[in-house]
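Notes for the structure review
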Amino acid sequence: MISVGYGIVCEWRWRGQTIGKRMLRLRVMDRQGLRLQPSQIVIRNLLRFADGMPAFYLLGGVTSLINRHGQRLGDIAANTVVVRTEELPPPGLSQVSKGRFNSLAGYPHLAA
């Protein structure tokens, strides 16, 4: 019960990240790139129990292997994906003024 609460609170507070996801530069996002809704966070974390069945995340692992987006059951139900993030420095005015800056270029999951 504590692990579910931890996931819900962290992902809500830190916009789709837990401490482990931050360390690994991962983030949970809506499949359309929109901000996560509280219901999505709750659904994906409650279904963590189903993903863990029958043991050692067997069902969730098999599901993510056969799903083309690598989603586990909780992600499928909540319409979310886990993506790798890259910390980018904020753009300087010189980048914007020269017309070289594309705000989506650094975020391939959004540019797609």
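It should be noted that the structure appears before, not after, this text.
My aim in this report is to walk through the structure given alongside it, one point at a time.

Parameters at a glance
Residues numbered from 1 in each chain as written. Predicted model: local features only at pLDDT ≥ 70, side-chain atom pairs only at ≥ 80, totals over all residues. Heavy atoms only, no water. Helix = DSSP H or I, 4+ residues; strand = E, 2+ residues; numbered from the N terminus. Polar contact = N/O pair within 3.5 Å; in protein donor to acceptor, adjacent residues only side chain to side chain. Contact = heavy atoms within 4.5 Å. Buried < 20%, exposed > 50% of the residue type's maximum accessible area, 1.4 Å probe, protein only. Expected span 1.5 Å × (residues − 1). Arc of directions from axis to C-beta. Pairing = 2+ DSSP bridges.

1. Quick word on the side chain of Arg27
Within the secondary structure, Arg27 sits in strand 1 (residues 26-30). A distance of 3.5 Å separates a polar atom in the side chain of Arg27 from the backbone oxygen of Trp14. Looking at Arg27, its side chain comes within polar contact range of the side chain of Gln17, at 3.2 Å. Ignoring anything within four residues of it in the chain, the contact list for Arg27 reads Trp14, Arg15, Gly16, Gln17, Val81, Val82, Val83 and Thr85.

2. Digging into the side chain of Thr80
For Thr80, the position within the fold is in strand 2 (residues 80-84). The exposure class assigned to Thr80 is buried, which follows from its relative accessible area of 0%. Polar contacts involving the side chain of Thr80 include one to the side chain of Asp75, which spans 2.7 Å. For Thr80, the residues in contact, after removing those within four places along its chain, are Val28, Met29, Asp30, Arg31, Leu36, Gln40, Arg44, Gln71 and Asp75.

3. What to know about helix 1 (residues 2-13)
With 12 residues, helix 1 should reach 16 Å at 1.5 Å per residue; the first-to-last C-alpha distance of 16 Å fits that figure. Within helix 1, the full set of buried residues consists of Val4, Gly7, Cys10 and Glu11. Looking straight down helix 1, one finds its buried side chains confined to an arc of 145°; they lie on one side. Among the exposed residues of helix 1, those pointing more than 90 degrees away from its buried face are Ile2, Val9, Trp12 and Arg13. Tucked inside the fold, the buried residues of helix 1 contact helix 2 (19-23), strand 1, helix 3 (38-46) and helix 4 (48-51). Immediately beyond the C-terminal end of helix 1, within one or two residues, lies Arg15, with a positive phi of roughly 50°.

4. Some words on the pairing of strand 1
The element strand 1 is extensively covered by neighbouring structure, given that 5 of its 5 residues are classed as buried. Covered by surrounding structure in strand 1 are Leu26, Val28 and Asp30 together with Arg27 and Met29, the residues of both alternating faces. Taken together, the 5 bridges between strand 1 and strand 2 define a ladder with antiparallel strand orientation. Bridge pairing in strand 2 links Leu26 to Arg84.

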